[in-house]
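Coordinates in review
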Amino acid sequence: MHRFITKICLFIITLSLIYCNILYGEEPALSLQLPEISKENLLKHITYLASKGTDGRLMGSPGSQKAGKYIEGVFSEYGLMPADKYSGYSQPFEIKVRHLSSDNHLSIGSKIFEQKWNFIPLYFSGEDEVSGVTCLANYGLEIDDYKECKGKIAVVLDDTINKDEKKNELVIKKTELAQESGVKGLIIITNSVDAIYNNLTTFPEFIPPVYLKRWQSQHPSMSDTLLEIKTTSTIARQKLPLINIPVVMAVLDRESLMEGLTVNIKVKFKDRTIKGRNIIGLIKGKDDNPLSPLTKGESKGVVPLLRGTDEIVIIGAHYDHLGRDGEGNIFYGADDNSSGVAALLEIASAFSKVKDKLKRSILFIAFDGEEWGLQGAKAYVENPVFPYKKTIAMLNMDTIGRNKSDEIYLLGSLRSPDLKELNDRVNASSFPLPSGERIEVRGILGLKLLDTIEFAFDYGSDHYPFYEKGIPAIDYTSSYHEDFHKVTDTIEKVDIDKVSKVAELIFGVAYKIITTDIKFDKPKEVYVPFPKK
């Protein structure tokens, strides 16, 4: 009797679940056995990517090229197509690493300034040598401040010392207004030596002491390349203007400022170009599976403008890392981010086995240049395969194999609560058991989906440039750990079971999006400050 009642209850629950799935536009839970994520393959991928052979996967290095070719090979093996927009699977791009030139010069009247001691060019300054006379333009925050300065060297006062978050914005505004007014050059005067150290004057040769102290504590054996990575990624957080005139900051007592003093400014940089490449593979949605109904005037023989292959979900993970430290030790980057790339590859494998079920397309991107300031993600959003408006969501993985085995952080939960809610539903639904049976049990994946480090969302990983374009984006991360960005981030410390669970979650979320017509709201603008120490 008890067994009979149990069967009746299970039958009623099953019918209820099927009804709920139909209500939400999803396939009934018992209708499909989805492919599993291979832990064996996850370990194989991580073992190769975090090996001595890939030598720390520094962008532009032979080790990075090896890692990229490996990913291309797996894409090909799993049947992913190259995106037509690029040559093969590769989307090449370049970045410039900026260094100061020792030839830079500033003199005002009889006073000659010394670079890095009492004057410094701004990172985005134009390169030129100009001479002229000074024109005092107050604080330079109104266009009228420069009305007498056309053809002269404008001198403005620095008022940013206590402005915190708005400091960079104010400096950029002064510079843009000065250029608009037709001045030959701009000098921002401060009476504080500390003020010339800031985010907009950061170079490998000139680093704010607070940054240098932090970086040296993270990397006691700091290499020149690591300094380039740190400074370039710091600058990459800023929205820099296009400036053609030379712009410098200088330390000078305001009492010494006068109209009509003779000025000479020379600004020159030594830029080093580094080549990177994203590895991009595509699984197309079915051509006979349009997501939009026929509109008035269309016949059944006419293909609707919006079809399954027109809308996409992007799944991403960066494959670059830090190379070697100053003593030649390899940054293996097993968790950061071999774990994310391994999951990316096995999610691609799983989707390649259910191609006939997909209404939308999936773009898999292994990003280069993340450590340098999200450079690969920025290169993609500047030259995307599909228009932004047809990109339904971006799911990113960065360091997913450490810390507690049952926890993963979802950065973006506050910005896209509807996408987070889908993750919650998938995490609470079923996945195939080894026997092929399916069972609906709450929390079957055993993951706790956390949203408590949202302060790390901005510029935290490759999801962010997509968010800036209005695309719903989530970054899955285990967060920091004791081996983060250290040579001790090695293979044996990665929790393969956790990587597998996170990959299953992301596969499930993407599957729900790709096999239905679900859409998400435009991400919210949310500011979450870093917690004060």
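This text goes with the structure placed above it.
Rules used in this analysis
- Residues numbered from 1 in each chain as written.
- Predicted model: local features only at pLDDT ≥ 70, side-chain atom pairs only at ≥ 80, totals over all residues.
- Heavy atoms only, no water.
- Helix = DSSP H or I, 4+ residues; strand = E, 2+ residues; numbered from the N terminus.
- Buried < 20%, exposed > 50% of the residue type's maximum accessible area, 1.4 Å probe, protein only.
- Contact = heavy atoms within 4.5 Å.
- Areas by Shrake-Rupley, 256 points an atom, 1.4 Å probe, with all protein chains shown as cover.
- Pairing = 2+ DSSP bridges.
- Disulfide = S-S within 2.5 Å.
- Expected span 1.5 Å × (residues − 1).
- Polar contact = N/O pair within 3.5 Å; in protein donor to acceptor, adjacent residues only side chain to side chain.
- Axes fitted to C-alpha atoms, helices over the stretch in contact; angles between N-to-C directions.
- Parallel < 35°, antiparallel > 145°, perpendicular 65-115°, else oblique.
- Core = buried A, V, L, I, M, F, W, Y, C linked by side-chain atoms within 4.5 Å.

Moving on, we get to the overall build of the chain. Counting its regular elements, the chain contains eleven helices and 17 strands. Within the span of the chain, comprising 533 residues, buried residues form 56% of the whole. Partitioning the contacts of the chain with sequence separation of at least 6, the portion at a separation of at least 24 is 80%. As displayed, the chain offers around 24,300 Å² of accessible surface, 52% of which is attributable to carbon and sulfur atoms.

Turning our eyes to something else, we now look at the sheet that holds strand β6 (residues 128-136). Spatial strand order, β4-β3-β10-β6-β7-β8-β9-β5: eight strands in an open sheet with mixed pairing. Each having just a single partner strand, β4 (111-112) and β5 (119-121) make up the two edges of the open sheet. Judged from the three bridges that link them, β6 and strand β7 (residues 153-157) form a sheet pairing that is parallel. Each bridged residue has a counterpart across the sheet, and for leucine 136 the counterpart in β7 is valine 155.

On to the state of the cysteines. Simply put, disulfide is the name for a covalent bond between the sulfur atoms of two cysteines. Counted according to the given criterion, the structure contains one disulfide. For cysteine 135, the disulfide goes to cysteine 149, at an S-S distance of 2.0 Å. Taking the sign of the torsion about the S-S bond as the criterion, the disulfide between cysteine 135 and cysteine 149, at about -75 degrees, is left-handed. One end of the pair, cysteine 135, is in strand β6; the other, cysteine 149, is in the loop between β6 and β7, and 14 residues separate them in sequence. Judged by its relative accessible area of 1%, cysteine 135 falls in the buried class.

Here the focus is helix α11 (residues 496-514). Spanning 19 residues, α11 covers 26 Å between terminal C-alpha atoms, matching the ideal 27 Å at 1.5 Å per step. For α11, the tally of buried residues reaches 17 of 19 residues, placing the bulk of the element in the interior. Measuring from the side-chain oxygen of the N-cap residue of α11 to the backbone nitrogen of aspartate 497 gives 3.1 Å; that N-cap residue is aspartate 495.

Attention now goes to the environment of alanine 250. Here alanine 250 lies in strand β9 (residues 247-251). According to the relative accessible area criterion, alanine 250 is buried, its value standing at 0%. A C-alpha to C-alpha distance of 4.2 Å links alanine 250 and phenylalanine 119, two positions 131 residues apart in sequence. Dropping the residues within four chain positions of it, alanine 250 is found in contact with Leu106, Phe113, Asn118, Phe119, Ile187, Ile188, Ile189 and Thr190.

Relative to strand β10 (residues 262-267), β6 is paired through six bridges, and the arrangement is antiparallel. Pairing of glycine 132 across the sheet is with valine 263, part of β10.

Interaxial distance between helix α2 (residues 39-49) and helix α3 (residues 62-77) falls to 10 Å at its minimum, and their mutual angle equals 155 degrees. Comparing the axis directions of α2 and α3 gives the class roughly antiparallel. Of the residues in α3, those touching α2 at Lys44, His45, Tyr48 and Leu49 are Lys66, Ala67, Tyr70 and Val74.

Core analysis: the largest hydrophobic core is formed by 66 residues, its most contacted members being Ile315, Ile347, Phe351, Phe364 and Tyr476. For this core, the leading source of residues is α11, giving twelve residues. Once residues within four sequence positions are removed from consideration, isoleucine 315 is found in contact with Leu344, Ile347, Phe351, Ile362, Leu363, Phe364, Ile365, Leu395, Met397, Ile506 and Ala510. Residues Ile108, Leu200, Ile235 and Ile245 belong to the second largest nonpolar core, which totals 46 residues.

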